[in-house]
Amino acid sequence: MGHHILPGNPPVELILRRSPRARRISLRVSRLDGRVTLTLPRGVREGEALDFARTKESWLRAQLATQPDSISVSEGVRLPVEGQPRLILRGAGKRIVLDAQSITVPGPPEHMPTRLQAWLKTLARERLAQASDRHAQALGRPYARLSLRETRSRWGSCTSAGGLMYSWRLVMAPPVVLDYVAAHEVAHLAEMNHSPAFWAVVARLCPGYHAPRQWLRQHGTDLHRYRFDG
């Protein structure tokens, strides 16, 4: 529906969304990136919903105060790549260079965030395709396609038609975490549910999956702190 600014110090941006399934006005603060969504049921006026948000301002600001600070990607920032913090440096040449301690990005500094994001997405596709191919072969069930998105509510998904979708930010997590998510989604090719049979498939594809699953629960939100929009 649009955006609205709740005045104050600092101002709070509200994302207005109308939902035919909603039964009441609701406010939600994303644990991943701190975005605030104001949901309106059918027939509720926008002004009424904004009045509701104002009555919840104290609660809203308290929730936002617990959110981790975002990190704008730029020279001198340490960015995790495959689970290892790498110092972002400016470099010469044409290619982004990754080593054990740093990641060197050539070109004008104003283009660094978008160029680095594009490079990470390419690396994510490569790593996720490798993991998905390996697990699909072990399972004996091919997938139809693989896509990457900027998702906030889930790390991956599998459609009934065999399409796999992943968050590209998984490439910032340790490789075992990325591998677990790939195994999880590929397992849905056999079990489109979260039944004991499904988890048995996950355990077969990714023995010891509990540890990377717990890592995501504890540290996954940190991967969304890094902003590439300048």
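See the structure printed just above.
Read on for a plain summary of the structure.

Points about the side chain of E185
Phase 1: For E185, the location among the structural elements is in helix α4 (residues 175-187).
Phase 2: For the buried E185, no salt bridge exists, and the shortest N-O distance to an oppositely charged side chain is 6.8 Å, to R154.
Phase 3: Polar side-chain contacts of E185 include one of 3.5 Å to the backbone nitrogen of C158.
Phase 4: With residues up to four places along the chain from it excluded, the contact list for E185 reads G156, S157, C158, L164 and Y166.

Thoughts on the environment of G93
Phase 1: Note that G93 resides in the loop between β7 (84-91) and β8 (97-98).
Phase 2: Among the residues examined, G93 registers a relative accessible area of 59% and is labelled exposed.
Phase 3: When the C-alpha atoms of G93 and P106 are compared, they prove to be 6.1 Å apart, with 13 residues separating the residues in sequence.

A short note on helix α3 (residues 112-139)
Phase 1: For α3, with 28 residues, the first-to-last C-alpha span of 40 Å sits near the 40 Å given by 1.5 Å per residue.
Phase 2: In the segment just after α3, G140 is the residue with positive phi, at about 80 degrees.

Quick notes on unusual backbone geometry
Phase 1: A cis amide bond links N9 to the next residue, P10, at an omega of 0 degrees.
Phase 2: Residue position: P10 is located in the loop between β1 (2-6) and β2 (12-19).
Phase 3: If you check the backbone angles, E82 has positive phi at about 50 degrees while not being a glycine.
Phase 4: With respect to the secondary-structure elements, E82 resides in the loop between β6 (78-81) and β7.

So, how was this worked out
Residues numbered from 1 in each chain as written. Predicted model: local features only at pLDDT ≥ 70, side-chain atom pairs only at ≥ 80, totals over all residues. Heavy atoms only, no water. Helix = DSSP H or I, 4+ residues; strand = E, 2+ residues; numbered from the N terminus. Buried < 20%, exposed > 50% of the residue type's maximum accessible area, 1.4 Å probe, protein only. Lys, Arg positive; Asp, Glu negative; His and termini not counted. Salt bridge = Lys/Arg side-chain N within 4 Å of Asp/Glu carboxyl O. Polar contact = N/O pair within 3.5 Å; in protein donor to acceptor, adjacent residues only side chain to side chain. Contact = heavy atoms within 4.5 Å. Expected span 1.5 Å × (residues − 1).

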